[in-house]
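Below, each chain spelled out in residue letters.
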Amino acid sequence: MVKMEIFETKTPSASDPENMRITLLISRLKEHGFSIERYNQRTSPKKFQENHTVEKLITTHGKQICPITLVDGFAMITGRYPSNEEIRQILTVPASLIAEKNEGCCCIQGCNREEKIV
């Protein structure tokens, strides 16, 4: 099984749509048995120190290289989070687990407003 790890230095913001996308996607994939982990330097500093690839990249290029996505220990994507399609291809995820879904908002019966769910 392929292992994906995402290392980030900034504290994720709950109001950032990209953070929400990656958070929800990681949660969904982990529920289905995929090996994907996310580490923040503030909450998991030891993971950064233990990983020589991440440590070297940050030492050489600075924190702006983050987020760093490792696949089986090799740096595959830097400076941004992987897209849904990249994660799907790398981890061989069925499209149904990645696809965005539109569902009703559930706030008022019959309102028919649609929200985009990642």
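Right above here is the structure, for reference.
Residues numbered from 1 in each chain as written. Predicted model: local features only at pLDDT ≥ 70, side-chain atom pairs only at ≥ 80, totals over all residues. Heavy atoms only, no water.

Caption draft 1: Region of the structure containing the pattern of salt bridges. Counted according to the given criterion, the structure contains six salt bridges. Notably, a salt bridge pairs Glu 37 with Lys 30, separated by 3.1 Å at the nearest N-O pair. By relative accessible area, which is 28% here, Glu 37 ends up partly exposed. Lys 30 gets classed as partly exposed once you look at its relative accessible area, which sits at 40%. Here Arg 88 makes a salt bridge to Glu 85, at a shortest N to O gap of 2.8 Å. With Arg 88 and Glu 85 both in helix H4 (residues 84–91) and three residues apart, the pair spans about one turn of that helix. Judged by its relative accessible area of 36%, Glu 85 falls in the partly exposed class. (Salt bridge = Lys/Arg side-chain N within 4 Å of Asp/Glu carboxyl O. Buried < 20%, exposed > 50% of the residue type's maximum accessible area, 1.4 Å probe, protein only. Helix = DSSP H or I, 4+ residues; strand = E, 2+ residues; numbered from the N terminus.)

Caption draft 2: Spatial organisation of the environment of Arg 88. The exposure class assigned to Arg 88 is partly exposed, which follows from its relative accessible area of 26%. In sequence terms Arg 88 and Ile 98 are 10 residues apart; their C-alpha atoms lie 6.8 Å from each other.

Caption draft 3: Geometry of the pairing of strand E4 (residues 74–78). Alignment of strand E3 (residues 68–71) against E4, held across four bridges, turns out to be antiparallel. Across the sheet, the residue bridging to Ile 68 is Thr 78, located in E4. Where E3 folds back onto E4 in an antiparallel hairpin, the turn is made up of two residues, including Asp 72, whose phi is positive at roughly 50°. (Pairing = 2+ DSSP bridges.)

Any functional reading would require information that these geometric values do not contain.
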